[in-house]
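Examining the three-dimensional arrangement
Here are the chains, one letter per residue:
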Amino acid sequence: MSLSAVLLAASPSPSPSPSDSSTPAVPSLQDAQESATNAASWVEQNWSTWLAIGLRVLLILVIAAVLRMFVRRAITKLIDRMNRTAQAVDGTAIGGLLVNNERRRQRSQAIGSVLRSVASFIIMGTAALMVLGAFEINLAPLLASAGVAGVAIGFGARNLVTDFLSGVFMILEDQYGVGDTIDAGVASGEVIEVGLRVTKLRGDSGEIWYVRNGEVKRIGNLSQGWATAGVDVTVRASEDLDKVKRVLGEVAEKMSKEEPWNELLWSPIEVLGLDSVLLDSMIVRVSAKTMPGKSLTVERELRWRIKRAFDAADIRIVGGAAVVVTDEEAADPTAAVAAPSVFSNSDSPQAAAASPLVSTPAQRPAAK
């Protein structure tokens with residue numbers, strides 16, 4: 001019962017009289033004393049209940065705030081420990097290639113933001129429900145309505161939820177990061193930004209792709225571990241294989257000792273042998289392990305050096321259907337010219353015989 005209801009119930013209603021029915025009754029001093037006494041007694045009876053409810057609400061809010069601060073601090077320390085572990089890995093030979101500062105910063109920032117948001121939502125949501133329960137409010141309809149609303153929002157924003165969950169697991173599993181070159185199926189390129197919903201890629205032509213994390217079914221990371229540089233050299237079938245192998249070995253040895261190729265090459269350049277043999281050509285395969293993302297650079301340089309070395313060693317590189325013209329066989333300029341035809345003369349009997357039958361005599365050429 002509220003205070004206003006108690007005051008209205010305590011105040012005596014004046015009885016109507018025929019004489020003063022038009023003039024309102026003025027409460028007396030005794031009526032005011034009785035109303036104040038009733039209000040004071042109501043407050044005296046219920047102050048302890050309201051004080052207990054207030055203290056309970058205050059205690060809930062204080063505990064929720066302290067717990068939230070403690071959890072957020074623990075998450076921050078966990079993220080800092082992850083960063084220190086990644087910095088320790090940077091001292092190794094492969095660690096500096098797999099993890100860079102920007103990638104580590106974005107990954108730790110995303111993970112910390114997600115964990116802090118989830119922790120704050122759980123703690124503050126539980127505290128709000130406990131506060132409503134302290135006021136003796138029935139939470140069953142509220143929880144039912146929240147459940148129905150959650151299901152409706154889940155069906156309406158299922159793509160958004162899918163993107164968000166895929167981004168969370170992608171970051172937690174460290175599938176790729178800033179600076180990596182990936183093939184996401186729908187697009188490929190260098191990762192320039194990693195988000196919980198969208199990943200930004202820069203393509204080979206400079207375009208920027210916005211790829212939703214929920215649309216990615218497979219990821220091919222081309223920047224982790226090592227890459228393979230392979231070059232196919234096509235020479236004539238009559239070439240000396242020992243000579244070809246010796247020249248390729250010299251090129252590989254020289255390239256492996258020069259900078260910056262000695263850092264990009266993670267294994268010696270190997271001549272794997274004949275990849276295929278045809279009637280007029282054969283293909284020799286050359287391969288090497290390189291730094292991630294540097295295979296194309298190594299292949300271009302290797303082709304350049306092989307071409308120059310083969311020219312110096314008089315080894316001919318062939319490819320496709322090439323026409324060989326020797327000095328002894330001079331090209332005949334009239335070989336491609338067809339012989340003259342009798343049909344080229346419009347007055348010849350052959351041209352007259354091939355003319356249409358429906359043609360008029362004036363149009364038909366006269367036979368000589």
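Residues numbered from 1 in each chain as written. Predicted model: local features only at pLDDT ≥ 70, side-chain atom pairs only at ≥ 80, totals over all residues. Heavy atoms only, no water.

1. Describing the sheet that holds strand β5 (residues 220-221)
To be explicit about the condition: Any two strands with at least two DSSP-identified bridges between them are counted as paired. Where helices and strands are cited, they refer to DSSP runs of H or I of at least four residues and of E of at least two residues respectively, numbered from the N terminus.
What the five strands build is an open sheet, ordered β4-β3-β2-β1-β5; its pairing is antiparallel. Two strands bound the open sheet, and with one partner strand each, they are β4 (208-212) and β5. Bridge count for strand β2 (residues 188-194) against strand β3 (residues 198-202) is four bridges, and the pairing is antiparallel. Along β3, the bridge assignment pairs Glu190 with Arg202.

2. Here's the deal with helix α7 (residues 241-257)
Because an α-helix completes one turn every 3.6 residues, residues spaced three or four positions apart along the sequence face the same direction. Note the threshold: A helix's residues, less one, multiplied by 1.5 Å, set its expected span. Accessibility here uses a 1.4 Å probe with only protein chains present; expressed as a share of the type maximum, an area under 20% marks a residue as buried, one over 50% as exposed, and anything in between as partly exposed. The directions from the helix axis to the C-beta atoms are what the arc is built from.
Taking 1.5 Å of rise per residue, the 17 residues of α7 would be expected to cover 24 Å, and the 25 Å separating its terminal C-alpha atoms lies within 8% of that figure. For α7, the complete set of buried residues consists of Val244, Val247, Leu248, Val251, Ala252 and Met255. The arc that holds the buried residues of α7, viewed along the axis, is 135°, so those residues lie on one side. Opposite the packed face of α7, turned more than 90 degrees from it, sit the exposed residues Asp242, Lys245, Lys254 and Lys257.

3. Some details on the nonpolar core
Counted only if it meets this: Buried Ala, Val, Leu, Ile, Met, Phe, Trp, Tyr and Cys residues form a nonpolar core when they are joined through side-chain atoms within 4.5 Å.
Leu248, Ile269, Leu302, Ile306, Phe310 and Ile315 are the most contacted members of the largest nonpolar core, which totals 25 residues. Secondary structure elements with two or more residues in this core: β6 (227-236), α7, α8 (261-264), β8 (281-290) and α9 (295-312). Here this core takes six residues from α7, the largest share from any one element.

4. A few points about the packing of aromatic side chains
This is how the line gets drawn: The aromatic pairing rule takes the rings of Phe, Tyr and Trp, using the six-membered ring of Trp, and pairs them if the centres are within 6.5 Å, calling planes under 30 degrees apart stacked, those over 60 edge-to-face and the rest tilted. When the NZ atom of lysine or the CZ atom of arginine is within 6 Å of a ring's centre and also within 35 degrees of its normal, the charge is said to sit over that ring.
This structure, assessed with the given rule, holds zero aromatic pairs. The positively charged end of Lys289 is found above the aromatic ring belonging to Trp226, 4.2 Å away from the centroid.

5. Brief notes about the pairing of β8
With respect to burial, β8 is a largely interior element, eight of its ten residues being buried. Sheet topology places β6 next to β8; ten bridges connect them, and they run antiparallel. Bridged to Thr234 within β8 is Ile283. Pairing analysis gives six bridges linking strand β7 (residues 270-277) to β8, with the strands arranged antiparallel. In the strand pairing of β8, Val277 is matched with Met282.

6. Looking at the side chain of Glu299
Defined as follows: By definition in these notes, contact holds between two residues if any of their heavy atoms fall within 4.5 Å.
One can find Glu299 in helix α9. Accessibility expressed as a relative area gives 12% for Glu299, which makes it buried. Ignoring any residue separated from it by four or fewer positions in sequence, one finds Glu299 in contact with Thr228, Ala229, Gly230 and Val231.

7. Some remarks on the packing of α7 against α9
Note the threshold: Only the stretch in contact is used when fitting a helix axis, every axis being a line fitted to C-alpha atoms; angles between N-to-C directions are given from 0 to 180 degrees. Here is the rule for angles: anything less than 35 degrees is roughly parallel, anything more than 145 is roughly antiparallel, 65 through 115 is roughly perpendicular, and the remaining ranges are oblique. Put simply, a crossing is left-handed when the front helix is turned counterclockwise from the back one by less than a right angle, and right-handed when it is turned clockwise. Nonpolar residues are Ala, Val, Leu, Ile, Met, Phe, Trp, Tyr, Cys and Pro. Charged residues are Asp, Glu, Lys and Arg, and all others, Gly as well, are polar.
At a closest axis distance of 10 Å, the pairing of α7 and α9 adopts a crossing angle of 130°. With respect to α9, the axis of α7 lies oblique. Crossing handedness for the pair α7 and α9: right-handed. Between α7 and α9, the residues in contact are Val244, Val247, Leu248, Val251, Lys254 and Met255 and Val298, Glu301, Leu302, Arg305, Ile306, Ala309 and Phe310, respectively. Residues of the contact of α7 with α9, tallied by class, amount to ten nonpolar, no polar and three charged.

8. Some points on the environment of Thr126
With respect to the helices and strands, Thr126 occurs in helix α4 (residues 101-134). Classification of Thr126 as partly exposed rests on a relative accessible area of 40%.

9. Points about the sheet that holds β6
Taken in spatial order, the three strands make up an open sheet running β6-β8-β7, and their pairing is antiparallel. Strands at the two margins of the open sheet, each flanked by one partner only, are β6 and β7. Across the sheet, the mean angle separating the axes of adjacent strands is 25° when strand polarity is ignored. Against the sheet, α7 contacts β7 and β8, and its axis sits at roughly 25° relative to β8.

10. Observations regarding helix α6 (residues 158-173)
Its 16 residues give α6 an end-to-end C-alpha distance of 22 Å, which sits within 8% of 22 Å, the value for a rise of 1.5 Å per residue. Here α6 has its buried residues at Asp163, Gly167, Val168, Met170 and Ile171. The buried residues of α6 all sit within an arc of 165° when viewed along its axis, so they share a single face. In α6, those exposed residues whose orientation departs by more than 90 degrees from the buried face are Arg158 and Glu173. Positive phi shows up at Asp174, right after α6, with a value of about 55°.

11. Quick notes on the environment of Ala312
Of note, Ala312 is situated in helix α9. Along the backbone, Ala312 and Val247 are 65 residues apart, and their C-alpha atoms lie at a distance of 9.8 Å.

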